[in-house]
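A look at the structure
One-letter residues, chain by chain:
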Amino acid sequence: MSPAVDWTPTTLPALYDVRVGHRRTYPLENGFEYGGYLWLVDLDDLPRLPRGLRWAARFDAADHLGDPASTIKANVVRFTALHGVADVDRVVMMANARSGPHVFNPLSTHWCYRADGSLACIVAEVHNTYGERHAYLLHPDDAGRAEAEKDFYVSPFNTVDGRYLMRFTGPGEQLHVTMALQVGGRTPFVATLRGRARAAGTGAVVRTILRWPLMSLWVATLIRWQGIRLWARRLPVVPRPTHDPPAGVGTNTPRQLTPHANEDRS
């Protein structure tokens, strides 16, 4: 039996040094991995860098689900309440920050806590390279496992079919996230993220920005390059459907998600 997850966040704000891997196994095999960093922030106390560095890391509501004139936290809380979770008090977000004019987040993860510090839910916010976004409301089990019907077009080589098998740790000193797509008894795609936290002091932020300038632009470029490679290998392209966000949410309506069964799917 897997041990219960400790959902307690590390000291915030923090930077995660991460390794992200993508593995495709069907109908052809392809894999790649890249390094970088992500921010971990409390949405009630977003970091504000010194004036000369503010261009390098901003957190704007327009870059996430909901009303761009509101706040990220207010939008997340409204989203969870619309889907039956009305006791969210604190939200901790892992995401890329906007750097200069650019931001891209393949996945923004929101750990949503009750006033007593227990985990109420996770909101997994997925963005594609076409400027669209979709949010999944998750109720992970004690081992961090959850499932969700795929409702959103992400890759031009996958249909909007199948089911995600996901696993999350808490946003602690070390982090691990797995998202596996299951379609018709196969697991054609798996994405993994592993990270280690460090304090986001000014010196650490400066060194990180110098090492990884325009981080999210690099991620978007790398994903597109991998798409070109797959197209060159004649992997069929799936037409992109239209996504219509519901009123007031700014994202597509998620289906109700259920906890994962107790077997290990990581």
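First things first, this report covers the structure right here in the doc. Here the structure is a predicted model, which means the values were calculated and not measured.

Attention now goes to the pairing of strand S4 (residues 107-113). With respect to burial, S4 is a largely interior element, 7 of its 7 residues being buried. The two faces of S4 match: Leu107, Thr109, Trp111 and Tyr113 on one face and Ser108, His110 and Cys112 on the other face are all buried. Pairing analysis gives 5 bridges linking strand S3 (residues 90-95) to S4, with the strands arranged antiparallel. Directly across from Val91, in S4, lies its bridge partner Cys112. In this antiparallel pair of consecutive strands, S4 and strand S5 (residues 119-127), the connection spans 5 residues, and Gly117 shows a positive phi of 90 degrees.

So, on to the pattern of salt bridges. What the rule picks out here adds up to 12 salt bridges. Put simply, Asp60 and Arg58 hold a salt bridge, and the shortest N to O gap is 3.4 Å. Residues Arg133 and Glu125 are paired through a salt bridge, measuring 3.9 Å at the closest nitrogen-oxygen approach. Residue classification places Glu125 among the buried positions, given a relative accessible area of 0%. Because the salt bridges share partners, they merge into one network encompassing Arg58, Asp60, Asp63 and Arg98.

Next up on the list: the sheet that holds strand S9 (residues 174-183). Sheets are built from strands paired through backbone hydrogen bonds, the pairs being either parallel or antiparallel. Read across the sheet, 10 strands follow the order S6-S5-S4-S3-S2-S1-S10-S9-S8-S7 without closing on themselves; strand pairing throughout is antiparallel. Bordering the open sheet on either side are strand S6 (133-138) and strand S7 (145-149), each of which pairs with just one other strand. Along the sheet, successive strands turn relative to each other by an average axial angle of 20 degrees, direction set aside. Running over the sheet, helix H1 (residues 72-82) touches S3, S4, S5 and S6 and is turned about 110 degrees from S3.

Let's shift gears to unusual backbone geometry. Along the chain, Leu12 connects to Pro13 via a cis peptide bond; the corresponding omega equals -5 degrees. By secondary structure assignment, the location of Pro13 is in the segment before strand S1 (14-24).

One can find Arg133 in strand S6. Between the C-alpha atom of Arg133 and that of Asp63, which follows or precedes it by 70 residues, the distance is 9.5 Å. A polar side-chain atom of Arg133 sits 3.0 Å from the main-chain carbonyl oxygen of Ala62. Among the polar contacts listed, one links the side chain of Arg133 to the backbone oxygen of His64, at a separation of 2.9 Å.

Here is what the cut-offs are and how they apply
- Residues numbered from 1 in each chain as written.
- Predicted model: local features only at pLDDT ≥ 70, side-chain atom pairs only at ≥ 80, totals over all residues.
- Heavy atoms only, no water.
- Buried < 20%, exposed > 50% of the residue type's maximum accessible area, 1.4 Å probe, protein only.
- Helix = DSSP H or I, 4+ residues; strand = E, 2+ residues; numbered from the N terminus.
- Pairing = 2+ DSSP bridges.
- Salt bridge = Lys/Arg side-chain N within 4 Å of Asp/Glu carboxyl O.
- Axes fitted to C-alpha atoms, helices over the stretch in contact; angles between N-to-C directions.
- Contact = heavy atoms within 4.5 Å.
- Polar contact = N/O pair within 3.5 Å; in protein donor to acceptor, adjacent residues only side chain to side chain.

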